[in-house]
Structures are given as structure tokens and as C-alpha cells.
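Fold and contact review
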Amino acid sequence: MAAQTQHAVLNQCLCIILAAACNPGAGESGSETETSGSSANTTTQSGTETTSDGTSAGPTTSDSETATGSGTSETTSDTGEPVCPGGTVICMGNEALVCDGNGGYSGQEECSDYCLDGVGCVACEPGTARCQEDSAEVCAEDGSAYELVEHCDPIQGLTCEAGSCQGVCAAQSLGASHVGCSFFPTQTAGLRSDTWPFTFGVAVVNTSDETANLRVENGDAFIFEFALEPGAVTEVDLPDIPDLVNGSAAADPSKLVPGGAYRLRSDQPVAVYQYNPNGTSMQGVNTFVNDSTVLFPAHTLGHRYRVVSRNHWVSEPNHRSGFYAVTATRDNTEVVLTPSASGSAVLAGGGVAADGTGVVMLDTGDVLVVYTDSLGEWPDASDLTGTLVSADRPIQVIGGHKCTYIPHNVAACERLEEALPPVVAAGTEHVVVAPLVSTGGDIPKVQMVRITATEDATNLEFSPDIDDAPTLLANAGDYVELGPLNDDFVVTSDAPVLVSQYMVGQNGGNNTGDPAMLVTTPTAQYHDSYLLHASKDFTFNYISVVAPTGSTVELDGVTLAPFVEIGESGFAVARTPLPPNSDGLYSLTGDAEFTVNVYGYTQHSTYWHGGGQRLGDLGLSEQ
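Calculation rules
- Residues numbered from 1 in each chain as written.
- Predicted model: local features only at pLDDT ≥ 70, side-chain atom pairs only at ≥ 80, totals over all residues.
- Heavy atoms only, no water.
- Core = buried A, V, L, I, M, F, W, Y, C linked by side-chain atoms within 4.5 Å.
- Buried < 20%, exposed > 50% of the residue type's maximum accessible area, 1.4 Å probe, protein only.
- Helix = DSSP H or I, 4+ residues; strand = E, 2+ residues; numbered from the N terminus.
- Contact = heavy atoms within 4.5 Å.
- Patch = residues over 30% accessible without salt bridge, like charges linked within 9 Å, V, L, I, M, F, W, Y side chains within 5 Å.
- Areas by Shrake-Rupley, 256 points an atom, 1.4 Å probe, with all protein chains shown as cover.
- Salt bridge = Lys/Arg side-chain N within 4 Å of Asp/Glu carboxyl O.
- Lys, Arg positive; Asp, Glu negative; His and termini not counted.
- Charge placed at Lys NZ, Arg CZ, Asp CG, Glu CD.
- 1 Å grid on protein atoms, 1.4 Å probe; cavity = no way out; pocket = protein on both sides within 12 Å on 5 of 7 lines; lining within 4 Å.
- Points joined across faces, edges and corners; volume = space filled by probe spheres on them.
- Phe/Tyr/Trp six-rings, centres within 6.5 Å; stacked < 30°, edge-to-face > 60°.
- Lys NZ or Arg CZ within 6 Å of the ring centre and 35° of its normal.
- Disulfide = S-S within 2.5 Å.
- Pairing = 2+ DSSP bridges.
- Axes fitted to C-alpha atoms, helices over the stretch in contact; angles between N-to-C directions.

1. Topic: the nonpolar core
- Ranked by size, the top nonpolar core spans 61 residues in total, and within it Tyr 324, Val 326, Val 389, Ile 543 and Leu 588 carry the most contacts.
- In terms of residue count, the dominant contributor to this core is strand E50 (residues 585–602) (six residues).
- When neighbours within four sequence positions are excluded, Leu 588 is seen to be in contact with Asp 528, Ser 529, Tyr 530, Leu 532, Ile 543, Val 545, Val 553, Glu 554, Leu 555, Leu 560, Phe 594 and Val 596.
- Core analysis: the next-biggest nonpolar cluster, separate from the first, contains 29 residues, Phe 183, Leu 244, Val 257 and Tyr 371 among them.

Right, dumping it as C-alpha cells:
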């Protein structure tokens, strides 16, 4: 019962109890039956009031009401049910009254905090916000207690005011994009040699006009602090987390690694790019297994993700797994795993069953890693792509592979990783462009492209047309794969999808690079400017920029050209080498919203990541 209706019922009941003070008068809507001496007025069902002498007093309402002092009852003639059913709780001020079904009350209680209609005494008024020291809290819908909305972290320069966090690092100040003040760098698995001098690391870009003060921790362990000037970048090496490395050729079980993630916080907005490993050559050792990703800040992370990964890959006697890594951003996070049609063969462990299902509890910074097991096929059908990962608190999900061929029979093997956007940020229009190769000229490199459904019965259209391209994804979590190809095209869907791109191995054409992975930004999440990072350790670095046809984009103040139109899609692409510089930092601005991805090559190794994106809830997802 709505609050206003309940209060109206309460007033009616009280008026009946106090009949002398509250009579609305006979013959009007809500008229009472009144007994006084030898005369009585009654209301018939036809709506005619009849006096005790039998004369008609004219039409009245169809309700029948009888007042008998403290034993009053109020019913509707249509249903005969009490207006205030027995057991119903109504509030008068801060007093909870329990209706007895006869117009009276069977109990009452004076509430010390708040009275909620239909419930009674509760701890607080639903929806009200408050500050408790450094925490912003809101009262639960049932009024049972205040619940934490956000810790107003002083390291991020936040304070709690009027029940919400305030400051340049507050979520409402930052908006939903890859720029933020709290990140969870998480090392993922990758094949490595016995003598391995590399770590993984991050490049931090200060996108603000103020000096950023940053702090890095691992669980309760302080790592270091540093200051970063406005518009500057710094590269940070992070020590290995041994339980996450999984560097051998053998298959390891899925696992839960308590406190496995790093936490990086800043008091000014920054962008963070993760490189794993960080570097390409050191002490006479070459990595050969690089990849990278832009990290998404904690305030943009979601509750539901569809995994993008790659098939389990067998090179006898070794098995190399695809994986996804889930990082919790809050304590007491319940993570539920629902495997896709291809994701039901995993290496059990860490609370995850061999069929890929599991319900696992994580605390802040804990990392759950799920690895594929082989189904014994060639190519192996075991693939985590499409698996649903859901949680009751925000989580980060990174998809990837320990080391694989792409396609499965083309050398050479390289690791993959990419931070995944939550389902609510997935879009219905994606522009797919092939990367440039390092052998000179405007020659696109061959790639594979996957499209993964987030909803059932998703229809696909391609512009320009792609020969023999599937046009239907029957179930949420299903995917289709195109390629090898080096075409540029737009894929449009009638429900949100995830589009992932994979460079093929060195022997797959162009004699350059090895596998790397990119999750394509939907057009609805484009920006009009980026301050991005490219690795200085690679021999060649490139960007691919996609913008509306006829728009202008500048790289460090110089207009990019030429843009090549992509059929009649309304989009064009510019692929260009990045000029070498001392810090790997580049600025792009446009007169319309556009997207950019960054990639680099050295012999037998490649990396690929997006320059950034919006991460707003597009309101398109139903599942």
C-alpha cells in the first residue's frame, strides 16, 4: 500500500473512532450511518438513503459504513473486505499501529528511529543518505540498515558531504570513461623461459592540470608513492605475483589468489595502460609473449561480464590454457560463473568446478583465475568466450590466453590479455579495422575477428558485406569468427555484442608480429580526445584512428592524413606510424568523436590496446 493511501486509511479509521469530531455529513460521499434515539439512517446498495420512517432521502455513495464507537468497522460493499486489513501496519508520526481488521488496532509501538508504512519500526528512512566518517551510506529499501555506497577515500582526495563523496575523483566528477583515480593492475598468466628478468608493469598518464599524487599497494603491503606532473607519464614496474604467473608449459588448475591484485590510487584523474611483460629484451633474453590493455577504473566497473578469450591450445605434450581473471573491488563479493556452450571444460580449482560453474566469495584485491581444460580436439573446442561472470559488487574481468597460435595451426605462439567492458557498456555498432604492418606502406595485417552475443537471437549486418559471414547468434554467449582477413567493415547488431580482434601469427602473412588481442570500442563509446601511451621498447609503433567521414583528427597538433573511407558506412580510417619520442606519450584531438587503438611490433612479439573509451551504461542490455 502506498504511503499516501495508508495515511488516508489511517485518517479514515481515526475519524470513525472519533465520530463526533470527524463526521463528513449524511448524503455526501463517505457519509456515515448514525444511530441516535429511535431514529437511524441506513444506506442501501442502490445508493438511496432511507430514514427510520421509511422516506427516501435521495442517492448517496455505494459504500456501506457503520460506526459503533471503539468497535467500529469500515468495509466496502463491493468486496466486504476491511479497508485496513488485520495485521496491516500503518504509521502515525513515529508510532506504528497494527490494524485488527475491525477498524481498531491490535498493537502499537513507538519507533525510536523511523516508522515505515506496511513494515513498522525500522532503522532508517529508505533512500536517505548520510556520512559516517569517510563513508557515504544510504538506507536500504526495507529500512533495515544503512548500506555502504562508497568509501570516500582520502588518498583519492575525497571527502563525504551530504551523504555522497565529493572531489575531483568522485564518480560524478569523473564521468564514465577509462580515466579515473582507482585501478586494480592484475598480472595474468603467460608462458616464460626459465631465466626471466622481466616483470609486468603499468604506464600511468596524468590527464589533469594538477600534480597527481599516486600510491600503489598489494593487499596490506605498501609498494611505493610518487608524484606525477600534469600531462606527464611514468612507467611503473610491479613485482611478480607468483601464484598468477603460471609461466610453465604445463596446465595449472584454476585458483583463487587472495590479495593477488595491486591497487593504484591517485588524487587526480589518470589513465593506466598495463603491459605484461613490461619490455621486450633484457640481459640477453627476449620476451616473445607480450600483450597489453587499457585498464578501466574502479568507478566504471560493473556486475555482469561476457568473457572474451581464445581456444585451449595443445602442442603435445604441452597444454596452454585460455583464461579469465576476476578481481574483486570490495569485500564480501559473491561471484557466480555460468559457462557458455564452449566454456564448460575447465581445470577445476579455487571453487570452480570442472564444468566451469562456481559460486566464489572474494574480498578486495582477491583474484580468481579460471583456465581451460582440453577437450582433445584439433582445433580444441574448449573456449571460455561467452561465459557469463556476474557478481553482487563491482568486479574487474580480464580475458586472455597463456600462449596460443592464431589461427590454431599458424606459428607462432603468444599470450593475450584484454580488460573487458561490463555488459551494460556493450554496443550495437562497431567499426573493425585491420592494423598496419611494419613492412612499409599502407598494408593492413591479416587478423581474425570474433563477435560475441550478450543476448539471445542477435542479428548481425555487415557494411561492406563480408562473404559468408554468419548473420545470427542464437544464444547469449555464442560467438562467430571471421577470417583470416584484412578487410575494414562495420558490424551492426540488434542487441549489444562484444567484438574482438586478433592479429595472426608471424607465419600467417606479412612476416611481422605474432598474436595480440583487442576488444573493439563501440561507436557509442567514442571520445573526442585521448592522451595515450605506446611502448618505447618495441621497434615499430602505430595507431589506427576511426572517425566519421570528413572529420579531422590531430596527432600532437598535426592533422592526420589520409583517411580512407570504409565503404558507405560513414566512417573512415587512418593508419599511421607513431613518431619516436622520449616518453611514449601522444595526444589526439578531433572535431568529432572518434576511436584509436595502439600497437607495436618487434621480431616475434606484438602488443595491442585501445587508447581509451567511454564506459557509460548504454541502456541496451536485457540479460
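2. Notes on a negative patch on the surface
- On the surface, a cluster of negative charge is made up of Asp 465, Asp 467, Asp 468 and Asp 487.
- Considering the arrangement of structural elements, one finds Asp 487 in the loop between strand E41 (479–485) and strand E42 (489–503).
- By relative accessible area, which is 38% here, Asp 487 ends up partly exposed.

3. A closer look at the layout of surface pockets
- Considered as a void within the structure, the largest pocket measures approximately 920 Å³ in volume.
- As for the largest pocket, its lining consists of 34 residues, and the residues nearest its centre are Phe 184, Arg 263, Thr 329, Arg 330 and Thr 364.
- Taken together, the elements giving at least two residues each to the lining of the largest pocket come down to strand E15 (146–151), helix H3 (171–174), strand E18 (180–183), strand E20 (212–218), strand E24 (262–276) and strand E35 (388–404).
- When residues in the lining of the largest pocket are grouped by element, the largest group, four residues, is from E15.

4. Points about the packing of aromatic side chains
- All told, the structure shown has 13 aromatic pairs when counted by the stated rule.
- Ring geometry for Phe 538 versus Tyr 607: centroids 4.7 Å apart, planes at 65°, classification edge-to-face. Separated by 69 residues along the polypeptide, Phe 538 in the loop between strand E44 (527–533) and strand E45 (540–548) and Tyr 607 in strand E51 (residues 605–610) bring together distant segments of the chain.
- Classification of Tyr 607 as buried rests on a relative accessible area of 0%.
- Of the aromatic side chains, those joined through ring pairs into one cluster are Tyr 542, Tyr 599, Tyr 601 and Trp 608.
- The ring of Tyr 146 has Arg 130 sitting right over it, with the charged end atom 3.8 Å from the ring centre.
- The ring of Tyr 502 has Arg 310 lying over it, and the distance from NZ or CZ to the ring centre is 4.5 Å.

5. Some details on the state of the cysteines
- Enumeration over the complete set of coordinates arrives at eight disulfides.
- Shown here is the disulfide that connects Cys 91 with Cys 115, its sulfur atoms set 2.0 Å apart. Taking the sign of the torsion about the S-S bond as the criterion, the disulfide between Cys 91 and Cys 115, at about -80°, is left-handed. Of this pair, Cys 91 sits in strand E8 (residues 89–92) while Cys 115 sits in strand E11 (residues 114–116), and the two are 24 residues apart along the sequence.

6. A few points about the pairing of E50
- Bridge analysis of E44 against E50 gives six bridges, and the strand direction is antiparallel. What sits directly across from Ser 529, in E50, is Thr 589.
- The sheet contact formed by strand E46 (residues 553–555) and E50 spans three bridges and is antiparallel. From the neighbouring strand, Glu 554 faces E50, where its bridge partner is Thr 589.
- Two strands pair when backbone bridges link them, and E50 and E51 are joined in this way by six bridges, in the antiparallel orientation. Residue pairing across strands places Asn 597 opposite Gly 610, the latter belonging to E51.
- Once E50 ends, the chain turns through two residues before running back antiparallel as E51, passing His 604 with a positive phi of about 65°.

7. Some words on the environment of Ala 469
- Position of Ala 469 among the secondary structure elements: in the loop between strand E39 (458–463) and strand E40 (472–473).
- Since its relative accessible area comes to 14%, Ala 469 is described here as buried.
- For the pair Ala 469 and Val 480, spaced 11 residues apart in sequence, the C-alpha to C-alpha distance is 8.4 Å.

8. Examining the sheet that holds strand E10 (residues 105–110)
- Judged by pairing direction, the sheet is antiparallel, and its three strands sit side by side in the order E8-E9-E10 without closing on themselves. Lying at the two open borders of the sheet, with one neighbouring strand each, are E8 and E10. Direction aside, the axes of adjacent strands within the sheet are offset by 25° on average.
- Where strand E9 (residues 95–99) and E10 come together, five bridges link them in antiparallel fashion. Residue Ala 96 lies in a different strand from E10, and its bridge partner there is Glu 109.

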